[in-house]
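Residues per chain are reported as follows:
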There are 2 protein chains.
Amino acid sequence: MKTRTRLDHQTRQHQIVEAARELIATGGVDSLTIRGLASRVGVTEAAIYRHVASKEEVILLLLQEVQESLFQAISRATRSDRHALERLEHMLQLHVSYVELRQGISFVVIAQAAQFEEPRVRSAGRRLVEKYLSLVSEIITQGIERGEIDKTVSPDAAAMIFFGMIQSAVTRWLFDPSTHPLSENAVAMWVLFRTSLEFSDEDADRHLKEEGTD
Amino acid sequence: MKTRTRLDHQTRQHQIVEAARELIATGGVDSLTIRGLASRVGVTEAAIYRHVASKEEVILLLLQEVQESLFQAISRATRSDRHALERLEHMLQLHVSYVELRQGISFVVIAQAAQFEEPRVRSAGRRLVEKYLSLVSEIITQGIERGEIDKTVSPDAAAMIFFGMIQSAVTRWLFDPSTHPLSENAVAMWVLFRTSLEFSDEDADRHLKEEGTD
DNA sequence: ATTGTATGTTAGTAATCGCTCACATACATC
DNA sequence: GATGTATGTGAGCGATTACTAACATACAAT
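A brief structural summary.

Points about the relation of the copies chain B and chain A
There are two copies of the chain, and a rotation about an axis plus a shift along that axis relates them.
Consideration 1: Between chain B and chain A, the superposition needs a rotation of 180 degrees and an axial shift of 0.0 Å, giving an RMSD of 0.0 Å. When the rotation and shift are considered jointly, the pair of chain copies conforms to a two-fold rotation axis. Of every C-alpha in chain B, the one belonging to Gly 164 of chain B sits nearest the axis of rotation, 2.0 Å from it.
Consideration 2: Of all interface residues in chain B, 100% are interface residues in chain A too; the two copies therefore contact each other through one and the same surface.

What follows is the structure in structure tokens.
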């Protein structure tokens, strides 16, 4: 069956990308080599090239996989119709869980893509970051429209702070996971940051009353 | 003169570290090679090893140099006795200028050190991050003591958000410097973040009155 | 003048890198 | 059974890596 062989090809390719992820997670980007991939998949180096054109393609596929899996992981938080602040908090939790599960691969891959000269790798990394920022920014914009977030908040700036919170937490966590638990640090930052999104007290009172009359 | 030759040695070593910085700045960490260093300094590869024991030492020296120059750059903001929020804002500006001047080398080097397995490189990177966070945290703690910052703020969490703001801005800037100017994004984030450090309105009023009576 | 040290060179090492080629094998289709 | 395609192997390519040994030279101290 052609379909089966085609599927096998995709499976092998997925195995390779998975192996790439594991290699980077355990030994950093420098340990991503064709030899290492072959050894992990259980074939020879030449066989790797049956499913992948070059090492660059492996990196591009990995970036794509990271993007898909990350947005898959946080999608539960975004598509709810709850309060914007709850959605953001949920999103942060899901993102933190994702980072722990995947051992910070997203951070490492993005940092690496940023210093690549190859334009396709660069723009793949750029698109990943921009897409993430747009998602957060959109939630905040919606929150403002619904009167759940202070309207003086710049959605773009808030999204960048949100993204930066994760970068900051992951950086520390990568250096010393035991003393810098991801979720605890993330929660502590969120508790602080959300105060800059909320209404000041008088506005909040006014908003509560408005809600009550609706 | 022994002193002169010793000085020359240090000068050469400094040239090498400078060359390492430039290599990474233009081509990413992968373009940091002994060949590249030799070519940039204007000597042969073997001569590099007269002033440096290994490539690892180059990285360690670079980390050290980044730490020294960064703290040198932001020191003007820290040792002033102005309002804590002003000091933080000034520090952010100085840090941003530093990143622009050094082409984001600190971000790249830290991200790279985080995925090294070599313990000395790892801990050098870790110490750099922790020292920076302590500095910010201390300013905030002082600000709380002086009644300039809301006492419910967690200094550690605030420091991490501060650090994350820079990481976030630099990440975007590395991908596309023209469309994501560092200082503009940093200022936009700061305007938002500082609201979570400030007193709520009533407290601020109360504090102002207290200040007046002092 | 001699000696020692710092600093450079040329030439090379073994290891690893990404990648390719000629060839084998399994298997679906005809 | 013949054919074509997908997928594998072994061997090896040229390039690059970090690093070293043997040797040269400049120069300060004695």
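Observations regarding the protein's contact with DNA strand C
Consideration 1: Contacts to DNA strand C come from 20 residues, most closely from Glu 45 of chain A together with Arg 12, Thr 44, Arg 50 and His 51 of chain B.
Consideration 2: Each atom of DNA strand C within 4 Å of the protein was assigned to sugar, phosphate or base; sugar and phosphate come to 55%.
Consideration 3: Here Thr 44 of chain B contributes a side-chain N or O atom positioned 2.6 Å from a phosphate oxygen of DNA strand C.
Consideration 4: Where the surface near DNA strand C is concerned, the elements lending two or more residues are helix H2 (34–41) and helix H3 (45–48) of chain A together with helix H1 (2–27) and helix H3 (45–48) of chain B.
Consideration 5: Considering every element that reaches the surface near DNA strand C, the biggest residue donor is H1 of chain B, with 3 residues.
Consideration 6: For the surface near DNA strand C, the per-class residue count stands at 8 nonpolar, 6 polar and 6 charged.

Structural notes on the packing of helix H8 (residues 155–175) of chain A against helix H7 (residues 119–145) of chain B
Consideration 1: The interhelical angle for the contact between H8 of chain A and H7 of chain B, taken along N-to-C directions, is 140 degrees, at an axis separation of 9 Å. One way to sum up the angle between H8 of chain A and H7 of chain B is to call them oblique. The element H8 of chain A and its partner H7 of chain B pack so that their crossing is left-handed. On the side of H8 of chain A, the interface is formed by Thr 171, Arg 172, Leu 174 and Phe 175 of chain A, while H7 of chain B contributes Arg 122, Gly 125, Arg 126, Val 129, Glu 130 and Leu 133 of chain B.
Consideration 2: Tallied by class, residues from the contact of H8 of chain A with H7 of chain B come to 4 nonpolar, 2 polar and 4 charged.

Reading guide: rules and limits
Residues numbered from 1 in each chain as written. Chains lettered and ligands numbered in written order. Predicted model: local features only at pLDDT ≥ 70, side-chain atom pairs only at ≥ 80, totals over all residues. Heavy atoms only, no water. Least-squares fit on C-alpha atoms with pLDDT ≥ 70 in both. Contact = heavy atoms within 4.5 Å. Near = heavy atom within 4 Å. Polar contact = N/O pair within 3.5 Å; in protein donor to acceptor, adjacent residues only side chain to side chain. Helix = DSSP H or I, 4+ residues; strand = E, 2+ residues; numbered from the N terminus. Nonpolar A, V, L, I, M, F, W, Y, C, P; charged D, E, K, R; others polar. Axes fitted to C-alpha atoms, helices over the stretch in contact; angles between N-to-C directions. Parallel < 35°, antiparallel > 145°, perpendicular 65-115°, else oblique. Left-handed = near helix turned anticlockwise from the far one by under 90°.

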